[in-house]
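Remarks on the overall topology
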Amino acid sequence: MQHFFTGILVLLTVGTLLAQQTTPDSTNRTPARVNLPKGNAKITAYVVDSTLTKAVEFANIALYTAPGNALVDGTVADDKGRFSLTRVAPGTYKILISFIGYKVKTIAGVVISKGEVKDLGVIRLSTSTQTLAEVTVEGKKALIEDKVDRLVYNADADLSAKGGDATDILKKVPMLSVDLAGNLSLQGSSNIRVLINNKPSSILAGNLADALRQIPADQIKTVEVITSPSAKYDAEGSGGIINIITKKNTLQGLHLDVDAGAGNRTSTLGLNGSFRKGKLGVNLNGNGREIYNPSASDLNQTTFLSESATPIRTQQHATGFDTGLFGQYALGLDYDLTKNQSLTAGARFGVRNLNRDQQFATSTFSGLTAGTPSLRNVTSHDLSNSVDLNVDYLHTYKTVDDEPAKEFSISSQFSQNNLTNNFDASQLDSTESVRSRQRNLNFNTSQEFVLQTDYLTSLSRNQQIEFGAKDTRRQVNSTYQYLLAGPTSAFSPDDRRPAGSLDYAQNIAAGYVAYTLITPSKITIKGGLRYEYTSIGASAAGQGPINIPDYGKLVPSLNISRKINDRTTLKFAYNRRIQRPGIQDLNPNFNATNPLNIRIGNPYLKPEVTDRVELGYSTNAKKTYLNVTLYTRLNRDDIQTVSQRSDTLAGAVVTRVQNVGKEFNYGTNIFVTVNITPRWTLNANFDAMYRYISGLALGITGESITLTNTGVRMGGRFDTQIQFDKGWAVQANFGYRGRDVQLQGYRIGFAQYSLGGRKSFTNKRGSIGLAADNFLTNGQRFTSVLNSAQFNQDFRQYIYNSSIRLTFSYKIGSLKGAKIRKGKSEGGDEE
């Protein structure tokens, strides 16, 4: 089958990162470049920030003769701060290293002998302070970087998210959207693969919105948005990949970061420590968050039993209060076995304890006749604990020029997540005395073991090939039970809803090959093929084995970029992705926390298949960076929620997850960065998407009918940052998301905004800040409207998201030289 689409991927360029080029003498003259005889010696080093414990990416390196100050050669450091000057002739030189925001570093008296490999080790650059007309300018990292294959959001530079969680970061990233309930989407698709440090995590199993609240914003270094992944990545995630990179220290010595925050909705405390000596590095962090927040909702629902029967109309008002404790703890070890071999291991633990107390007041009408109002108190528990254990081995092979040309790695990971979704409900009479009680017990366990091996080699100076294999084994188990009791009697099983269980095993065997070619005309072509074969075994209590066919999927990918000039790049990308159902989609538990709005999973779900094409354009013009993306996405066996009236509970609506049919999306994303002054930056993002959805639902008499829905969703975001004298900085953000269509209805739009300020201490080791979100009102209303032949529903959820918080951070410890690992980058391909 052939599918055609259109679109674009975010393009490369490290924007306005090209820095100030400073000459070695005190004059403004640029020394003429001399053509000295080439040799076979080499000079290498790493460039790092002297106070902020990170590499200085893309620093400018210039090699001069000494004496004579004649420019001999030059280069640019990579994204890990590493640089190499090759084919250096014997002699005495000096090296100048410069980058915007840093003082120029001069290394004099570099003596090179024939064939020598001179390792200068770690070179530390100090932050510069430049006074222009009584205005102090300090260097800062760009909030957003557009790289070759991904867009990178630097959370370190986000002031207003301090003291928050991952959703406070993600809602500001271009192309991403986080609704008021915390649900994440990428260019309109919620089927996203989320990674932590290039790896899947059991912390993210289950409800993604709740899982993201476990990750503190203070521990996030960058967020990478990858809309067109290469063949090396798992095919899972039809909407694309979000890679969250957490902070990690790479310098020698002992160090500790302390981050704390307190506010009217949440409080946080985080510790991030590391120790590195010689070949051994240890990183340990722990973070805890507490939330306390009221909630409320209104439900207006009408169900139609037949064309002639009187409709049942229901009105419901709910109030509640949420309390939660979230924790995340991680231990990382890395050890250099030899110069070119390393071993890394890690353990990550997550805890979620979310409790919600709700009171439901319901009135039912049949025509003009009102039924007896009912009162219901519900206490629900959403609990989880998770663990990820990984061990990785990396071996890099060197060529004659000592450049990494071959790389072999083995990665393994074991993950387990235990989920508990229970509730206790009390039905009250008109005097608010308990009339009956109900309890739902639902326990879920998911396990995953991954073994992967990869090999990369250069075929020539402009060709590279990589291939690998991966085996993933998943096991999901869910048990559920309903119990009933009188006001004071003991609980006993509910005969109307017998207890049940689901055992679901999924094995995925995958292999891939990817090829990269760079032509003399500055065209980069990267193509790849990935094949994944999925076998499934499932059974349910009371019905025995569930027949779910095995399936194989061939996943092609193609990325082509053309550099028009030093400032402008064009890019074309095509890939195929699949979306496998998660544990919450498969779980057959009858969740009746709200008996008028019931949810049931579907163990028979098939994977969703997506074909996507993107077309991109990016350019730099003086102080302005512009990126324009066009894309189209076609989904087959689209996974969507479909609702219908209940056949057993009058006035109730039951929602199931189904493969509804197909979905087409056509959209654009425009992102602009303007550096008004060296310390004032504006970022603006606009997106628009047309959606067409078609699928099956039930008519008023229970017959299958085809539904279609179309609509245009628009949104935008504006962000500005200003740095002042003496370490002061402020940031403001405003975003709007327009109306979004679903198969059976739509959700209205919403706006979010934030304001933050920070004061850095004089020694650069700490800061104190104040941040506020949606502070002009007490909360916001989030409305979802569903319409079908069987029912009409208007659900209004009141989100009390106005918040203010005080934040504090401080760095403790002695930091010496750097130990920067060679090989795989910190942000990059999934392992």
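Source: prediction; values computed, not measured. (Residues numbered from 1 in each chain as written. Predicted model: local features only at pLDDT ≥ 70, side-chain atom pairs only at ≥ 80, totals over all residues. Heavy atoms only, no water.)

Moving on: the overall build of the chain. Each helix and strand counted, the chain has 3 helices and 46 strands in total. Expressed as a percentage of its 831 residues, the buried residues of the chain come to 53%. Taking the contacts inside the chain whose residues are at least 6 apart along the sequence as the reference set, 68% of them involve residues at least 24 apart. Entry remark: accessible area of the chain is about 35200 Å², with carbon and sulfur atoms responsible for 58%. (Helix = DSSP H or I, 4+ residues; strand = E, 2+ residues; numbered from the N terminus. Buried < 20%, exposed > 50% of the residue type's maximum accessible area, 1.4 Å probe, protein only. Contact = heavy atoms within 4.5 Å. Areas by Shrake-Rupley, 256 points an atom, 1.4 Å probe, with all protein chains shown as cover.)

Further remarks concern the confidence of the model for the chain. Detailed reading of the predicted model is not advised wherever pLDDT is low. In this model, the chain carries a mean pLDDT of 82, and residues with pLDDT of at least 70 account for 87%. Ignoring residues within four places in sequence, the model shows residues 1-33, a span with pLDDT below 50, making 124 contacts including any to other chains. Segment residues 129-139: pLDDT under 50, and 17 contacts once partners within four positions in sequence are set aside and those in other chains are kept. (pLDDT = per-residue confidence, 0-100.)

Pairing is antiparallel in the open sheet, where 4 strands are placed in the order E3-E2-E5-E6. At either margin of the open sheet sits one strand with a lone partner, and together these are strand E3 (71-76) and strand E6 (105-112). Pairs of neighbouring strands in the sheet enclose a mean axial angle of 20 degrees, with direction left out of account. (Pairing = 2+ DSSP bridges. Axes fitted to C-alpha atoms, helices over the stretch in contact; angles between N-to-C directions.)

Scanning all chains against the criterion turns up 31 salt bridges. Measuring nitrogen to oxygen at the nearest pair gives 3.3 Å for the salt bridge that ties Glu 236 to Arg 474. Taken as a pair, Glu 236 in the loop between strand E15 (220-226) and strand E16 (241-246) and Arg 474 in strand E26 (residues 463-485) lie far apart in primary sequence, 238 residues in all. For the pair formed by Glu 236 and Arg 474, the shared burial category is buried. (Salt bridge = Lys/Arg side-chain N within 4 Å of Asp/Glu carboxyl O.)

The sheet built from 3 strands is open, its strands ordered E4-E1-E7 with mixed pairing. Lying at the two open borders of the sheet, with one neighbouring strand each, are strand E4 (82-88) and strand E7 (117-125). Between one strand axis and the next, the sheet turns through 15 degrees on average, direction left out of account. Both strand E1 (residues 41-49) and E4 contribute to a ladder of 5 bridges, which runs antiparallel.

For strand E2 (residues 60-65), the tally of buried residues reaches 6 of 6 residues, placing the bulk of the element in the interior. By the alternation rule, side chains of E2 split into Asn 60, Ala 62 and Tyr 64 and Ile 61, Leu 63 and Thr 65, which are all buried. Note: E2 against E3, 5 bridges, orientation antiparallel. Across the sheet, residue Ala 62 finds its bridge partner in E3, namely Gly 74. Connecting E2 to the antiparallel partner E3 that follows it, the hairpin turn spans 5 residues, and Gly 68 within it adopts a positive phi of roughly 120 degrees. Sheet topology places E2 next to strand E5 (residues 91-98); 6 bridges connect them, and they run antiparallel. Across the sheet, the residue bridging to Ala 62 is Leu 96, located in E5.

Glancing now at the environment of Gly 332. Inspection of the secondary structure assignment puts Gly 332 in strand E20 (residues 312-336). For Gly 332 and Leu 284, which are 48 residues apart along the polypeptide, the C-alpha to C-alpha distance reads 6.4 Å. In contact with Gly 332, not counting residues within four places along its chain, are Gly 281, Val 282, Asn 283, Ala 345 and Gly 346.

This part covers the packing of aromatic side chains. Aromatic ring pairs are reported here in terms of the distance separating the ring centres and the angle at which the planes meet. For the structure on display, the rule yields 8 aromatic pairs. Ring geometry for Phe 664 and Tyr 692: centres 5.7 Å apart, planes at 50 degrees, overall tilted. Note that Phe 664 is positioned in strand E36 (residues 653-677) and Tyr 692 in strand E37 (residues 680-698), a separation of 28 residues in sequence. Relative to Tyr 810, the ring of Phe 761 lies with its centre 6.1 Å away and its plane at 45 degrees, an arrangement referred to as tilted. Here Tyr 810 lies in strand E46 (residues 803-818) and Phe 761 lies in the loop between strand E42 (750-760) and strand E43 (766-773), a separation of 49 residues in the sequence. Relative accessible area serves as the criterion here: at 27%, Tyr 810 is assigned to the partly exposed category. Joined through ring pairs, the aromatic side chains of Phe 761, Phe 808 and Tyr 810 make up one cluster. Of note, Arg 497 hangs over the ring of Tyr 482, and the distance from its end group to the ring centre comes to 4.9 Å. One cation-aromatic arrangement involves Arg 612 over Tyr 631; the distance from NZ or CZ to the ring centre is 5.0 Å. (Phe/Tyr/Trp six-rings, centres within 6.5 Å; stacked < 30°, edge-to-face > 60°. Lys NZ or Arg CZ within 6 Å of the ring centre and 35° of its normal.)

If you trace the backbone, Leu 186 turns up in strand E13 (residues 184-186). Taking the C-alpha atoms as reference, Leu 186 lies 9.7 Å from Ile 226; in sequence the two are 40 residues apart. Excluding its chain neighbours within four sequence positions, the residues that come into contact with Leu 186 are Met 175, Leu 176, Ile 192, Val 225, Thr 227, Gly 239, Gly 240, Ile 241, Ile 242 and Arg 633.

Moving on to a nonpolar patch on the surface. A surface patch of nonpolar side chains, about 660 Å² in accessible area, is lined by Tyr 329, Phe 349, Val 351, Leu 389, Ile 410, Phe 414, Phe 449 and Leu 451. Checked against the element boundaries, Tyr 329 lands in strand E20. Assessed through its relative accessible area of 38%, Tyr 329 is described here as partly exposed. (Patch = residues over 30% accessible without salt bridge, like charges linked within 9 Å, V, L, I, M, F, W, Y side chains within 5 Å.)

For Asn 198, which is not glycine, the phi torsion reads 75 degrees and is therefore positive. Turning to its location among the elements, Asn 198 is positioned in the loop between strand E14 (193-196) and helix H2 (208-212). Residue class for Asn 198 comes out buried when judged on its relative accessible area of 4%. The backbone of Asn 774 sits at a positive phi, close to 45 degrees, despite the residue not being glycine. With respect to the secondary-structure elements, Asn 774 resides in the loop between E43 and strand E44 (780-787). Judged by relative accessible area, Asn 774 falls into the buried class, the value being 2%.

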